[in-house]
Amino acid sequence: MAKMLDGPVPDGARSVSWPWYHHTLTTELTLDARTLLEDYSKIPPKDVENHVYRVRDKAWGVFPWPCIGEFWFLSFGLAKHPLYTTMVLPRLRSGDSLLDMGSCMGQDLRKCIYDGAPADKLYASDLFAEYEDLSHDLWRDRDTFPKNHFLAEDILADNDRFLQGSLMTKLGPGQTDMIAINMFMHLFDFDNQLKVATRLLRLLAQKPGSMILGSQAGVQEPVDEPLKPPFDKTEDGKTRTIFRHSTQSFINLWEDAGVAAGVPLRPISCIFKTPKATEASAEGVDTGLEAEEKKPFTAEDLFSMHRKTRANRSSEQETGRLYFSVVRN
């Protein structure tokens, strides 16, 4: 079993009674998502919601990630990044390659294509090979999206397996111009985040300006958090934790990863945004921050903090989203 999961699906995890399994689409089906499903995928407007429910339930059967239950595959994380229109799209249009790490249903890549990026240098990678078929099912582009551009890979596999895996053998180290990672790294504890960051840096093209960018859940003060059931235990019975970063701790993580990977980096950019930025936004508009009101990925129902940690944190501690870019020097 993949090290990323440390065992099989926990007992009861596929129950649809968990608070992060949403039975009805509300604000998750944003104007952007509906537009893509209707214009890119050519799904009749009256059929969009049932189409989404059907694909979501198939994905829930693969693995019941809270993000699947909450329809996060309808959220275009990369398009919300401050550099998307000014740097990512222009570079894609000029021929740069992009790897979407933790791609889920490939929603960010389809958004890039819809916005004018050529598809031939877009790559997706996620843990489950089934996501390739599900992404084609969701976006109805089996005949048009490039073949063999989905790389099923466990980014936390042991070294021998990782070196023989698709990221290292099909893409190869030092070959990728841009890597996007959205709402992904905060799934891990600190040590595994450092491992992920180091491996991704080694995939970057060995030229100045190649970059990793994305977003993840963040806090004002860094904190190590144990998970609640059903994802609270590893296969050997240990408590599973995740590490939530502040802007500075996340910058420090990438600086350490750069040293470990032997990759020179420019000063790292990381900004923290809170849900307050969306208070004036219309319902159903994909501003890029509205979902944080539900606590990204887990609706906060999945997380439980140590009492000691909670007591030491300010009552004003806010959760939000970290937008970052890591650029090779």
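Described in the following lines is the structure provided in the data block. (Residues numbered from 1 in each chain as written. Predicted model: local features only at pLDDT ≥ 70, side-chain atom pairs only at ≥ 80, totals over all residues. Heavy atoms only, no water.)

The next point concerns the overall build of the protein. A count of helical and extended segments in the protein gives eleven helices and nine strands. Buried positions account for 57% of the 329 residues belonging to the protein. Of the roughly 14100 Å² that the protein leaves accessible, carbon and sulfur atoms contribute 49%. (Helix = DSSP H or I, 4+ residues; strand = E, 2+ residues; numbered from the N terminus. Buried < 20%, exposed > 50% of the residue type's maximum accessible area, 1.4 Å probe, protein only. Areas by Shrake-Rupley, 256 points an atom, 1.4 Å probe, with all protein chains shown as cover.)

Counting buried positions along helix α5 (residues 107-114) gives six out of eight residues, so the element sits mostly inside the fold. Buried residues of α5: Gln107, Asp108, Leu109, Arg110, Lys111 and Cys112, and no others. Against the buried residues of α5 lie α1 (31-40), α4 (84-93), β1 (98-101), β2 (122-126), α6 (130-139) and β4 (178-182). Immediately downstream of α5, the backbone of glycine 116 shows phi near 105°, a positive value. (Contact = heavy atoms within 4.5 Å.)

The next point concerns the packing of aromatic side chains. Taken as a whole and judged by the stated rule, the model has 14 aromatic pairs. With 6.3 Å between their ring centres and 40° between their planes, phenylalanine 76 and tryptophan 139 make a pair best called tilted. Of the two residues, phenylalanine 76 is situated in the loop between α3 (66-69) and α4 and tryptophan 139 in helix α6; the sequence distance between them amounts to 63 residues. Taking the relative accessible area as the measure of exposure, phenylalanine 76 reaches 1% and is therefore buried. (Phe/Tyr/Trp six-rings, centres within 6.5 Å; stacked < 30°, edge-to-face > 60°.)

Let us look at the environment of arginine 244. As for its placement among the helices and strands, arginine 244 is situated in strand β7 (residues 241-244). Note: C-alpha distance between arginine 244 and valine 219 (25 residues apart in sequence) is 6.5 Å.

The next subject is the sheet that holds strand β8 (residues 269-273). Taken in spatial order, the seven strands make up an open sheet running β3-β2-β1-β4-β5-β9-β8, and their pairing is mixed. If you trace the sheet from one side to the other, it starts and ends with β3 (150-152) and β8, each paired once. Across the sheet, the axes of successive neighbouring strands diverge by a mean angle of 20°, strand direction being ignored. Pairing analysis gives three bridges linking β2 to β3, with the strands arranged parallel. (Pairing = 2+ DSSP bridges. Axes fitted to C-alpha atoms, helices over the stretch in contact; angles between N-to-C directions.)

Ranked by internal contacts, the top residues of the largest apolar core, which has 57 residues, are Leu37, Ile68, Phe73, Leu74, Leu98 and Met105. Counting residues per element, this core draws most heavily on helix α2 (residues 48-62), at seven residues. In this structure leucine 98 touches Leu78, Leu92, Leu109, Cys112, Lys121, Leu122, Tyr123, Thr176, Met178, Ile179 and Ala180, once residues within four positions along its chain are discounted. If you look at the next biggest cluster of nonpolar residues, it comprises 34 residues, including Ile155, Leu156, Leu204 and Cys270. (Core = buried A, V, L, I, M, F, W, Y, C linked by side-chain atoms within 4.5 Å.)

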